[in-house]
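Residue-level structural notes
The chain contents come next:
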Amino acid sequence: MLAAIRPDSWNVPLLVHVLGAMVLVGGLLVTTTSVLVARGDVRLLRVGYLALLAVCLPGYLVMRVGAEWIYAKEHLGDMPSDPTWVGIGYGTADAGALLLLLALILGGIGVRRLRDGRTGLVRASLFISVLLLAAYVVTIWAMGAKPD
Amino acid sequence: MGLNEWLLGLHLLTAFALVGAMTLFWVAIVAIRRTDLPEQVASVGRLLPVGNVVVVVGSLGVIVFGVWLAIALDGVQVWDGWVIAAIVLWAIASETGRRSDPEFAPCIERANELVAAGQTGPDAQLAELARTSRGLLLHSISTVAVVLILVDMIWKPGA
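Being a predicted model, the structure only gives us computed values, none of them experimental. (Residues numbered from 1 in each chain as written. Chains lettered and ligands numbered in written order. Predicted model: local features only at pLDDT ≥ 70, side-chain atom pairs only at ≥ 80, totals over all residues. Heavy atoms only, no water.)

1. Re a nonpolar patch on the surface
Residue and element names in this part refer to chain B. There is a patch of nonpolar side chains on the surface, built from Trp-79, Ile-84, Val-88, Ile-92, Leu-137 and Ile-141 and spanning about 590 Å² of accessible area. No other element matches helix α4 (residues 81-116), which puts three residues into the nonpolar patch. With respect to the helices and strands, Trp-79 occurs in the loop between α3 (48-72) and α4. (Patch = residues over 30% accessible without salt bridge, like charges linked within 9 Å, V, L, I, M, F, W, Y side chains within 5 Å. Areas by Shrake-Rupley, 256 points an atom, 1.4 Å probe, with all protein chains shown as cover. Salt bridge = Lys/Arg side-chain N within 4 Å of Asp/Glu carboxyl O. Helix = DSSP H or I, 4+ residues; strand = E, 2+ residues; numbered from the N terminus.)

2. Some remarks on unusual backbone geometry
Leaving glycine aside, a negative phi is the common case for residues, and trans is the common case for peptide bonds. All names here are of chain A. Within the chain, Arg-39 stands out as a residue other than glycine whose phi angle is a positive 45°. Mapped onto the fold, Arg-39 is located in the loop between α1 (11-38) and α2 (42-73). Positive phi values are uncommon outside glycine, yet His-75 reaches one of about 55°. Here His-75 lies in the loop between α2 and α3 (84-113).

3. Description of helix α2 (residues 38-45) of chain B
Along α2 of chain B, six of the eight residues are buried, which leaves the element largely enclosed by surrounding structure. Buried within α2 of chain B are the following residues: Pro-38, Val-41, Ala-42, Ser-43, Val-44 and Gly-45 of chain B. Looking at the buried positions of α2 of chain B, the neighbouring elements they touch are α2 of chain A together with α1 (3-33), α3, α4 and α5 (124-130) of chain B. (Buried < 20%, exposed > 50% of the residue type's maximum accessible area, 1.4 Å probe, protein only. Contact = heavy atoms within 4.5 Å.)

4. A few points about the packing of aromatic side chains
Each aromatic ring pair is described using two quantities: the centre-to-centre distance and the angle formed by the ring planes. Inspection of the entire model under this criterion finds three aromatic pairs over all chains. Ring geometry for Phe-65 of chain B versus Trp-68 of chain B: centroids 6.4 Å apart, planes at 15°, classification stacked. Of the two residues, Phe-65 of chain B and Trp-68 of chain B are both situated in helix α3; the distance of three residues between them amounts to about one turn of the helix. We classify Phe-65 of chain B as buried; its relative accessible area is 18%. Over the ring of Trp-85 of chain A we find Lys-146 of chain A; its NZ or CZ atom is 4.3 Å from the centre of that ring. Its end group placed over the ring of Trp-82 of chain B, Lys-156 of chain B keeps NZ or CZ at 4.7 Å from the ring centre. (Phe/Tyr/Trp six-rings, centres within 6.5 Å; stacked < 30°, edge-to-face > 60°. Lys NZ or Arg CZ within 6 Å of the ring centre and 35° of its normal.)

5. Quick notes on the interface of chain A and chain B
The interface of chain A with chain B comprises 35 residues on the first partner and 29 residues on the second. Of the roughly 3,100 Å² buried between chain A and chain B on both sides combined, carbon and sulfur atoms contribute 79%. Our enumeration of links across chain A and chain B arrives at two salt bridges. A salt bridge links Asp-41 of chain A to Arg-46 of chain B, with the shortest nitrogen-to-oxygen separation between them at 3.2 Å. Across the chain A-chain B interface, the total number found is five residue pairs in polar contact (both at pLDDT 80 or more). Put simply, the parts of the chain that give the side of chain A that touches chain B at least two residues each are α1, α2 and α4 (120-145) of chain A. Of all the elements, α1 of chain A adds the most residues to the side of chain A that touches chain B, at 18 residues. (Buried area = accessible area lost by both parts, 1.4 Å probe. Polar contact = N/O pair within 3.5 Å; in protein donor to acceptor, adjacent residues only side chain to side chain.)

6. Some points on the packing of α1 of chain B against α3 of chain B
All names here are of chain B. Running from N to C, α1 and α3 point in directions that differ by 150°, and their axes come no closer than 7 Å. By the angle class used here, α1 and α3 are roughly antiparallel. The crossing of α1 and α3 is left-handed. Grouping the amino acids of the contact of α1 with α3 by side-chain chemistry returns 20 nonpolar, nine polar and no charged. (Axes fitted to C-alpha atoms, helices over the stretch in contact; angles between N-to-C directions. Parallel < 35°, antiparallel > 145°, perpendicular 65-115°, else oblique. Left-handed = near helix turned anticlockwise from the far one by under 90°. Nonpolar A, V, L, I, M, F, W, Y, C, P; charged D, E, K, R; others polar.)

This is the structure in structure tokens:
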């Protein structure tokens, strides 16, 4: 309904935002699955970390650029306060950026240690991505349902 | 919050599940095409059962909640051009995605057989199975169809 009355000029930024978010969540599905089914399998943990680096990070950046673009297009910044669903989006995106950065740093160090069979840091990194996936599931629902 | 808002939230969640699973399949395809080592392929193959469950939940959820929304919303009809286009694209994405799965299955089976036999060195047949161009083409068509659904959902041509 809301989408039907959306001005055409909002479409490209919205596409960028949603496409980036979908790639981000897809990457997090890979990292989450990797750490949950790996059971110490170093190869799978490495695939999980590479997905975090090569899929989640670009997806996050595109999602965030799209978010700022559509936020400006919709003039949401002119409102006295952000609607709840925007607040949820910004909250999870900001906290998510810190957690993603932490996961990338931990995993980056951990990947070097995988050669010695030490999996702790990469597993910690990928478990952070499980938290991120859970947070983004709530965010996606909020973006769609737009609760008051 | 009313029923329509819940439907929209669930429609969006299942759409993300569908694209998430397709991303997982892309990671698996790229990973197995870059190696001819059985243990590496077998490891990546362990991602696929999860992807298969998520893609079924996503593809069924997105069409059920999407059609339900089209019926429930006042300004939208199931026979609107952009809704029909989305349903056709969904059918193309689902069928090509379903057909791509058996193209990669022999590769995973071969890798598991080699690992079970204790053969961990490079295997030419495994490499050939991993580089199936038909599987890659079908998954690419499925992905393009899903991206076009997203474009259709945002632009709603004719609405």
